[in-house]
Amino acid sequence: MKEFDDFNFSVDKYTKELTRECVGGSDLQQRKKEIEAYNEQTSAMLKQTCKKNYMQFIQTAKEISHLESEMYQLSHILIEQRNILATMTDGKTSSNLKADCIEAESSAATEDVENSQATRAVKEMVQGFNGNLEGKTFLNEGALIELDANDYRPIQRVFFFLFNDVLIVCKVKHDKRLEFLTEYDPKRIAVINIKDLDGVKNAINIITPDGSKIYQSITAAGKSEWIEKLEEAFRFDQQKKPKKGQAPQPPNRSKQQQQQAQSKSATPEKLPEQSPTDAQPKSLEDETPEWLSTASEEIQTLVAQRHFEDAQSLIKRTQEYLSMAQPKNKLLQADAIQAKIKQQEQKLTNVLLQELSNSHNRNLQIALREVRRPLKILVEMGRSRQASATLLKVCTVSLRVAQREARRNNAEISELFFCDLTQVACDFLSAFEQQPACVSALVVWCNAELQYFASQLIKHYLTKGTSLEAVAKCVERVRKPATKLTEIGLDISYHLEGLLRTTLESLIEESKQRLLDAVGRNEESWQPYNLQTKSNLRRLLLELDALGIDVRAQTTGDTWLNLTQSTVVFVRQFLQLTEHCGCLAKGETLLQSLENLLRDLFLAHHALRPPSDMSVDPNFVMKNKIFLVDNLLPIAIEKFRKTSGRQCETMRELHTKLSRQQGAPVPRQRSVYTTDVF
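Every chain's residues receive numbers from 1 upward, in the order its sequence appears when written. Whole-chain, interface and lining totals are the exception, using all residues; otherwise, since this is a predicted model, local features are given only for residues with pLDDT of at least 70 and side-chain atom pairs are given and counted only at 80 or more. Excluding hydrogens and water, the side-chain values take into account all heavy atoms of the structure.

An unreviewed UniProt entry lists the chain under the name Exocyst complex component 8, with Drosophila navojoa given as the organism. UniProt positions are given in the numbering used here, feature names are shortened, and annotations may be inferred rather than shown by experiment. One UniProt comment on the chain, placed under Sequence similarities (unreviewed entry), says "Belongs to the EXO84 family." Word for word, the UniProt comment on the chain under Function (unreviewed entry) is "Component of the exocyst complex involved in the docking of exocytic vesicles with fusion sites on the plasma membrane."

As structure tokens, then:
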């Protein structure tokens, strides 16, 4: 097989040489097997090599990620060490000055050096930044991680440069270079501390004119430092502003007294009339609660921190307060606040619906457990229709995935489907008990899922050529769990029978034709059945006893049965078929087709006759027919009634008709001998 590894391998050349070397078809078959074995071996080796390379790629990616993190931390440490060394170097130049000037001058020099170094570093390190940093005071720098506001997933690594009146945000690229993203005025942003959650720690929420963004620090100390520095930048002008001039003096008492006297001496007609619109803004501003003016930002923060219950309660509280205050015109910005609250309510609804739609899981129990929290909040918010539709979509995915895995593992799918359907219905009714429209949506969804289940059942289990025994077992396994849904008020058995009726009728008709074609195909000797040994006879009698018929009265001798072999085989087959038909006849729609199947099959076997050229005892033939009518048919009718719970009227009429047609046994013909001897 080394020829295949050659770079200049030619298929045509190899085929010609192979046909020239081999003699006959056996050699070619042998070489074909060797080539196929080599093909399988090469394929297995390629799979192993691909898997090995893939594992090495994953390991290398992990190592690269760790190295990037370490290099990032080393870069941060080197920047801090550079700043410290620069501060120490610049501080030594002013050591010979006087004691009273050292602190002011050294601090100013250090600040100027830091500012110049930071300005130079920004210009050198940040690509795409063209801003002017002259005269600005450097406050802090450091690396953070930007997180997604919905699921706290890391988006990108960023680097901050904070000055007294500008915050520069840069993106850390793969080559450790900084790319300018945007800049903000520290006085126009708000910093909110986010509580440490299970998956997110050391995070802060910065509300900017572009929206709310969440950043994560490496350490808790770094988080506290950024909050402090951003607060310092916000109050920078207030801290640096010199206190010039005197404080405003209170008015003179004499002037106050004169003004009061003038006001008292003035007549009511001469008093200036103050319009209600002039006095209204002051009273409105005084009556607006502080929590109401910041409610929108607080709701946004709670949603970002995934405190959905608190956000929903705050929305409800705000809406109730506005509904009580708005008719009385007590709030100046009621419409603006209400518009913001509605916007935040819509955002919360979208987040909860997204949480609900992302809860689908291979395990339905886990999916239903995950949707309880967002589902409860959506129902309280009055979003029952949207919540119910999203929940049913999630359940559809989980149900169909479970069905697909069950079929792949050859597991029982009927009981699994109906148990899952019952669990979904119970949880749905408990969540939307007071919502009739949602309950109707559940009924429509159950109808759609039942149609899909029936289509999969027909596609995989009720295919053409399936035996009647397998069909009966499949239908029985479907009917039993379907009836349990009536305990929760959901009856789908009739609808299920309607979905399967056409397929089952075609399978019954197919089985009928197959069984009728098999009647009389084997040659019959029309002689008593010899089972050769006592054990075989005993085993046959026990088997027939289990089917419900006793033929001990027909035994003769130790191994003989006074019936034909075909009659015994038909008795066994007909009783088994009757039991299968009884299982299928529990549904009223299939009763007539099953009765016709049993009647036609019985009549076909009852009508069998020996050939005219065969010497057969007519009494023995009639005895087999009488046994079928008097013994087998009543037992089959009773067995059908017990299994299905219904009377088989067609078989009863057939029994009555055949009993009347039976005549007296025909006397056996005797051979007449003649002789000429007297």
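Lay out the overall build of the chain with the relevant residues and their values.
Segments assigned H or I by DSSP are reported as helices when at least four residues long, segments assigned E as strands when at least two residues long, and all are numbered from the N terminus. Helices and strands together make up the secondary structure of the chain, namely 22 helices and 11 strands. Here the term buried applies to any residue with accessible area under 20% of the maximum for its type, exposed to any over 50%, and partly exposed to those in between, with areas from a 1.4 Å probe on protein chains only. Of all 678 residues assigned to the chain, the portion counted as buried reaches 34%. Any two residues whose heavy atoms approach within 4.5 Å are treated as being in contact. If you take every contact in the chain between residues at least 6 apart in sequence, the share linking residues at least 24 apart comes to 66%. Exposure was quantified through the Shrake-Rupley algorithm and a 1.4 Å probe, taking into account, for residues, occlusion by the shown protein chains and nothing else. Counting only carbon and sulfur atoms, one obtains 50% of the accessible surface of the chain, whose full area is about 42,600 Å².

How would you summarise empty space enclosed by the protein if you had to cite specific residues and measurements?
Left-over empty space is what a probe sized like a water molecule reveals as it rolls over the atoms. Note on definitions: the grid is 1 Å and covers protein atoms alone; a cavity is a set of points where a 1.4 Å probe fits but cannot get out; a pocket is an open set with protein on both sides within 12 Å along at least five of seven lines; lining residues have an atom within 4 Å of a point. Grid points are joined across faces, edges and corners, and a volume is the space filled by probe spheres set on the points. Counting across every chain of the model gives three cavities of 30 Å³ or more. Taken together, Trp526, Thr564, Ser566, Thr567, His605, His606, Leu608, Val621, Asn624, Lys625 and Leu628 make up the full set of residues lining the largest cavity. In terms of residues, the lining of the largest cavity owes the most to one element, helix H21 (residues 618-644), which gives four residues. Considering only residue class, the lining of the largest cavity consists of four nonpolar, six polar and one charged. By volume, the second largest cavity is sized at about 50 Å³. When contributions to the lining of the second largest cavity are tallied by element, the ones reaching two or more residues are helix H13 (384-408) and helix H15 (436-460). Of all the elements, H15 adds the most residues to the lining of the second largest cavity, at four residues. Note that Gly is not counted as nonpolar here; it falls among the polar residues with everything else outside the nonpolar set of Ala, Val, Leu, Ile, Met, Phe, Trp, Tyr, Cys and Pro and the charged set of Asp, Glu, Lys and Arg. Grouping the amino acids of the lining of the second largest cavity by side-chain chemistry returns four nonpolar, two polar and two charged.

Report on unusual backbone geometry, specifying residues and quantitative values.
Here Asn202, not a glycine, exhibits a phi torsion of approximately 60°, which is positive. You can see Asn202 is positioned in the loop between strand E6 (190-193) and strand E7 (203-208). Its relative accessible area of 14% is what places Asn202 among the buried residues. Of note, the phi angle at Asn410 is positive, near 55°, even though the residue is not glycine. Here Asn410 lies in the loop between H13 and helix H14 (414-431).

So, the packing of aromatic side chains: which residues are in play, and what are the values?
Pairing of aromatic side chains here covers Phe, Tyr and the six-membered ring of Trp, requires ring centres within 6.5 Å, and sorts the geometry by plane angle: under 30 degrees stacked, over 60 edge-to-face, intermediate tilted. Under the counting rule described, the total for this entry stands at 13 aromatic pairs. With a centroid separation of 5.0 Å and an interplanar angle of 70°, the aromatic rings of Phe160 and Tyr215 are classed as edge-to-face. Residue Phe160 is found in strand E3 (residues 154-163), and its partner Tyr215 is found in strand E8 (residues 211-216); the two are separated by 55 residues along the sequence. No difference in accessibility class separates Phe160 from Tyr215, as the two residues are buried. Aromatic pair Phe570 and Phe602: ring centres 6.3 Å apart, planes at 50°, arrangement tilted. Of this pair, Phe570 sits in helix H19 (residues 565-584) while Phe602 sits in helix H20 (residues 591-606), and the two are 32 residues apart along the sequence. Accessibility assignment for this pair places Phe570 and Phe602 in one class, buried. The structure contains a cluster of three or more aromatic residues connected by ring pairs, namely Phe160, Tyr215 and Trp226. Charge-over-ring placement is defined geometrically: NZ (Lys) or CZ (Arg) within 6 Å of the ring centre, and within 35 degrees of the ring normal. A cation sits over an aromatic face here: Arg317 above Trp291, 3.8 Å from the ring centre.

I'd like to hear about the pairing of E8, residue by residue, with values.
Two faces, one strand: in a regular strand the side chains alternate between the faces of the sheet. Between any two strands, at least two bridges found by DSSP are needed for them to pair. Relative to E8, strand E2 (residues 138-147) is paired through three bridges, and the arrangement is antiparallel. Within E8, the residue paired with Glu146 across the bridge is Tyr215. Alignment of E7 against E8, held across six bridges, turns out to be antiparallel. Bridge pairing in E8 links Ala203 to Gln216. Where E7 folds back on E8, the antiparallel hairpin that results is connected by two residues.

If you had to explain the sheet that holds E8 to someone new, which residues and values would you point to?
Spatially, eight strands are ordered E1-E5-E4-E3-E2-E8-E7-E6 in an open sheet, and the strand pairing comes out mixed. Two strands bound the open sheet, and with one partner strand each, they are strand E1 (126-127) and E6. Where strand E4 (residues 167-172) and strand E5 (residues 178-184) come together, six bridges link them in antiparallel fashion. Within E5, the residue paired with Val172 across the bridge is Leu178. Across the sheet, helix H4 (residues 220-234) touches E2, E3, E4, E6 and E7, and the angle it forms with E2 is around 125°. Its contacts with the sheet put helix H9 (residues 295-304) on E6, E7 and E8, and the angle it makes with E7 is roughly 140°. To get an axis, fit a line to the C-alpha atoms, keeping to the stretch in contact for a helix; angles then go from 0 to 180 degrees between the N-to-C directions.

Hey, could you go over the packing of H9 against helix H11 (residues 334-357) for me, with residue numbers and the actual values?
Across the interface, H9 lies against H11 with an axial gap of 9 Å and an inter-helix angle of 10°. Taken together, the axes of H9 and H11 lie roughly parallel to each other. Of the residues in H11, those touching H9 at Ala295, Ser296, Ile299, Gln300 and Val303 are Lys340, Ile341, Gln344, Leu348 and Val351. Of the residues that constitute the contact of H9 with H11, the class distribution is six nonpolar, three polar and one charged. Here is the rule for angles: anything less than 35 degrees is roughly parallel, anything more than 145 is roughly antiparallel, 65 through 115 is roughly perpendicular, and the remaining ranges are oblique.

Kindly report on the pattern of salt bridges, identifying the contributing residues and their values.
By salt bridge we mean one thing: a side-chain nitrogen of Lys or Arg within 4 Å of a carboxyl oxygen of Asp or Glu. Scanning the model with the defined rule gives 19 salt bridges in all. Between Arg373 and Glu309 there is a salt bridge, with its nearest N and O atoms 2.9 Å apart. A residue pair is termed long-range when its members are at least 10 positions apart, and Arg373 in helix H12 (residues 364-380) and Glu309 in helix H10 (residues 308-325) qualify at 64 residues. Asp545 is the salt-bridge partner of Arg552, the closest N and O atoms lying 2.8 Å from each other. When salt bridges that share partners are traced, they join Lys512, Arg599 and Asp600 into one network.

Please set out the confidence of the model for the chain residue by residue, giving values where relevant.
Each residue carries a pLDDT score, the predictor's own confidence in it, on a scale running from 0 to 100. Within the chain, residue pLDDT values average 79, and 83% of them lie at 70 or more. Scored below 50 in pLDDT, residues 96-101 shows three contacts in the model against residues more than four places distant or in partner chains. Below a pLDDT of 50 lies the segment residues 241-286, which in the model reaches eight contacts outside its immediate sequence neighbourhood of four places, other chains included.

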